[in-house]
Amino acid sequence: MSITSGVGLVSQMEKFGRIIAGDSYKNYLQLKKNDFAYNKSATKEYPEGFIALYTGEELAAVPNSIFTCFRIKGEAVSPKYLNYLFLGNLHGRWLRKFIEVGARAHGSLSINNSDLLALSVPVPPGPNSLKEQQKIADCLASADALIEAQGRKVEALKAHKKGLMQQLFPQEGETKPRLRFPEFDGTGKWEECEFPNVIFFQEGPGIMAVDFHDHGVPLVRLSGLSGQSVTLEGCNYLDPAKVLKKWEHFRLEVGDIVVSCSATLGRPAIVDDAAAGAVFYTGLIRFRPKSRRLDAGYLEVFLGSPSFSWQAEAAAVGGGIRHFGPTHLRGMKAPLPPSVDEQQRIADCLTSLDVLITAETQKLDTLKTHKKGLMQQLFPQIGETDV
């Protein structure tokens, strides 16, 4: 087994696609059901390492090089209750005072087992302590079940949208989609139009870091394309006078579609009032319809479709960080239905799915926030260093 931080113990085959233990398990520790495994590797969410509860029925094995394993002595503490304390990083708040900055041994944190096992565990008092622990664990487990079910719903909607897009746009090497809305059957064939004939596109300018300021005109970077709309997240600012002189024609307007053309290829986002007037940076390309034959909504969903993605991937150049630019776009083609009405129908269908996915994702986030609040209320509030 191996550990995925925040998830728990998973098989090496599931995580790495192969068993990395080899034929010998002499350097592995055996786990039984309800044993705990502490991985001393730091992660962003658990910088002091992650502790996972093993819930399987069969014996499992973890490498002793980076794992410390332990089990509960006696029956005074519920394993599931203790597991939720570890998920809340009880151990991390305790261990951080023992970890020297950058202290690592063979890639793992330098933690003494005696320091880990000196951790004090808060438990309810009295003769009904175990029952109360189990009640707390059951409450949080029910929240986990709701979160898991909602997560599956979100993933199913995303998979449905992906499959639908593969049907509504021509696939690689094809000139017509495999699915059309019934009202448009027999209305004519799709046409492949070269980008420059129907689409205006423009790559952002390269701007030196010395031109970055703490206020002024926002400069949209790749981090601003984290959602469906362009945001000013992580942006720098430019001197308004210099923008007017050098970069005025790179200001974004409402309705522009911005796509990443470097590193994470083809991530589209639309410009709304929040980002209007900002300058967009190199590594991003601005798109607009150039012809009345092309609907703006259709252009937006097309730029997020597999039909555009495979063209972008095929055109991209570079070894480590791949990218494409206006030169490559000139050789690409946009598949267009014969009527703007059909384009709008496709756009409306996929946009409505996006709205549903966003709503269900917000429900998932709300459930996660609710669980986090529950954990804060159900367990004692422990100081950063005192347990």
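Rules used throughout
- Residues numbered from 1 in each chain as written.
- Predicted model: local features only at pLDDT ≥ 70, side-chain atom pairs only at ≥ 80, totals over all residues.
- Heavy atoms only, no water.
- Pairing = 2+ DSSP bridges.
- Helix = DSSP H or I, 4+ residues; strand = E, 2+ residues; numbered from the N terminus.
- Contact = heavy atoms within 4.5 Å.
- Axes fitted to C-alpha atoms, helices over the stretch in contact; angles between N-to-C directions.
- Salt bridge = Lys/Arg side-chain N within 4 Å of Asp/Glu carboxyl O.
- Buried < 20%, exposed > 50% of the residue type's maximum accessible area, 1.4 Å probe, protein only.
- Parallel < 35°, antiparallel > 145°, perpendicular 65-115°, else oblique.
- Left-handed = near helix turned anticlockwise from the far one by under 90°.
- Nonpolar A, V, L, I, M, F, W, Y, C, P; charged D, E, K, R; others polar.
- Phe/Tyr/Trp six-rings, centres within 6.5 Å; stacked < 30°, edge-to-face > 60°.
- Lys NZ or Arg CZ within 6 Å of the ring centre and 35° of its normal.

Caption draft 1: Looking closely at the sheet that holds strand β13 (residues 236-238). The strand order across the open sheet built from three strands is β13-β12-β16, with neighbouring strands paired in mixed fashion. Looking along the sheet, the strands with just one partner apiece sit at the ends: β13 and β16 (279-280). Where strand β12 (residues 217-220) lies against β13, three bridges are found, and the strand directions are antiparallel. The residue of β13 that forms the bridge with V217 is L238. Against the sheet, helix α7 (residues 240-247) contacts β12, β13 and β16, and its axis sits at roughly 75° relative to β13.

Caption draft 2: Inspection of the pattern of salt bridges at higher detail. Under the defined criterion, the tally for this structure stands at 18 salt bridges. Notably, a salt bridge pairs E191 with R293, separated by 2.8 Å at the nearest N-O pair. Placement of E191 in strand β10 (residues 191-194) and of R293 in the loop between β17 (284-289) and α8 (296-303) is noted, with a sequence separation of 102 residues between them. Looking at E191, the relative accessible area reads 42%, which means it is partly exposed.

Caption draft 3: Broad picture of the packing of helix α2 (residues 79-87) against helix α5 (residues 129-168). The interhelical angle for the contact between α2 and α5, taken along N-to-C directions, is 60°, at an axis separation of 8 Å. Judged by the angle between their axes, α2 and α5 are oblique. Classified by chirality, the crossing of α5 by α2 is left-handed. Residues K80, Y81 and Y84 of α2 lie in contact with α5, whose contacting residues are Q133, I136, A137, L140, A141 and D144. Taken together, the residues that form the contact of α2 with α5 break down as six nonpolar, one polar and two charged.

Caption draft 4: Spatial organisation of the packing of α8 against helix α11 (residues 340-378). Relative orientation of the contacting elements α8 and α11 amounts to 55°, with a least axis distance of 8 Å. Here α11 runs oblique to α8, going by the angle between their axes. Regarding α8 and α11, the two cross each other, and that crossing is left-handed. In this structure, α8 contributes G297, Y298 and V301 to the contact, and α11 contributes Q343, I346, A347, L350 and T351. Looking at the contact of α8 with α11, its residues break down into five nonpolar, three polar and no charged.

Caption draft 5: Representation of the packing of aromatic side chains. In this structure the tally under the stated criterion is 17 aromatic pairs. Summarising the aromatic geometry, the rings of F287 and F308 are spaced 6.3 Å apart at their centres and angled 85° between planes, so their arrangement reads as edge-to-face. Within this pair, whereas F287 is found in strand β17, its partner F308 is found in helix α9 (residues 306-315), the two being separated by 21 residues in sequence. Relative accessible area serves as the criterion here: at 0%, F287 is assigned to the buried category. Centroid distance F308 to F324: 6.2 Å. Interplanar angle 80°. Geometry classified as edge-to-face. Taken together, the positions of F308 in helix α9 and F324 in the loop between α9 and α10 (326-329) put the pair 16 residues apart, joining distant regions of the chain. As far as burial versus exposure is concerned, F308 and F324 are alike and both buried. Taken together, the ring pairs connect F169, F195, F201, F287, Y298, F302, F308 and F324 into an aromatic cluster. Here the guanidinium or amino end of R345 rests over the ring plane of F181, the centre of that ring lying 4.0 Å away.

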